[in-house]
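Take a look at the letters that make up each chain.
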Amino acid sequence: MSNCASYGGLLVILSGPSGVGKDTVLEKLKEKMPHMCLSVSMTTRQKRKEETDRKDYIFTDFMDFDEKIKQGYFLEYAKYGENYYGTPKTTIENWLNEGKIVFLKIEVQGAQIIRSGFAKTISIFLSTPTFAELITRLKARKSECDEDIARRIEIARSELKRANEYDYIVINDVVDRAADDICAIIRAEQLKYKSMQKYVNEVINNA
Ligand code: 5GP
């Protein structure tokens, strides 16, 4: 499948343990679905050297994050390890009002908040084919210290136990295939009768 047509707004949650390859899959997905929108989260985590402020994350400090919580700036936020991560509300709402397909790359607690607050969401859990492969990938990227890696492995264990809360599981074995799988999920969702009704009404009513 090379491309994905769009028929109206949809909020797509993409979760998966640290190291599973969410960014790589999303990059591939962007090639297949150029019209998709990806939320840029705010975080108190330190910027990695390969990351760009406001592109990968909006990096901030704990005081500012706390202030933003009080202002109701976030659609959802969660603590992951020692840091906070949150989805800015306004951008997402604007995109959805414009009928865009919006991806949130968030962890399991945030996913639960979004699911309970939005009627039209689909949630996808990305996994590696094996747990050993996840650990290999996490260590290979060399972006965290040993202590942080150990913490992320522990969080991964608890996140994997909650994979059953998701609508779909995609295995990131081959990146291109994982992106195709996500494209297929979205296409199927967009082609459901309730989404397509307004496009097909003319035909049905004049038959
Ligand atoms: P990382 O530090 O590896 O960039 O992200 C750690 C975890 O936080 C990942 O599972 C990532 O998907 C998640 N995350 C990133 N942004 C957000 C957000 O805005 N909200 C929530 N709940 N999780 C997020």
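See above for the structure.
A short tour of the structure in this document, coming up. (Residues numbered from 1 in each chain as written. Predicted model: local features only at pLDDT ≥ 70, side-chain atom pairs only at ≥ 80, totals over all residues. Heavy atoms only, no water.)

Focus: helix α5 (residues 131–140)
Taken together, the buried positions of α5 are Leu134, Arg137 and Leu138. Projected down its long axis, α5 carries its buried residues within an arc of 100 degrees, all on one side. In α5, the exposed positions angled more than 90 degrees off the buried face are occupied by Ala132 and Ala140. One side-chain oxygen of the residue at the start of α5 lies 3.0 Å from the amide nitrogen of glutamate 133, identifying that residue as threonine 130. Positive backbone phi, at 50 degrees, marks lysine 142, one or two positions downstream of α5. (Buried < 20%, exposed > 50% of the residue type's maximum accessible area, 1.4 Å probe, protein only. Helix = DSSP H or I, 4+ residues; strand = E, 2+ residues; numbered from the N terminus. Arc of directions from axis to C-beta. Polar contact = N/O pair within 3.5 Å; in protein donor to acceptor, adjacent residues only side chain to side chain.)

Re the site of the ligand
Around the ligand, the surrounding shell holds 16 residues, and the nearest of these are Ser41, Arg45, Tyr57, Tyr85 and Glu107. Here an oxygen atom of the ligand sits 2.6 Å away from a polar atom, N or O, in the side chain of arginine 45. Across the complex, the protein chains shield 97% of the 510 Å² of accessible surface that the ligand would expose by itself. Within the residue set of the shell around the ligand, elements represented by two or more residues are β5 (74–80) and β6 (83–88). (Near = heavy atom within 4 Å. Areas by Shrake-Rupley, 256 points an atom, 1.4 Å probe, with all protein chains shown as cover.)

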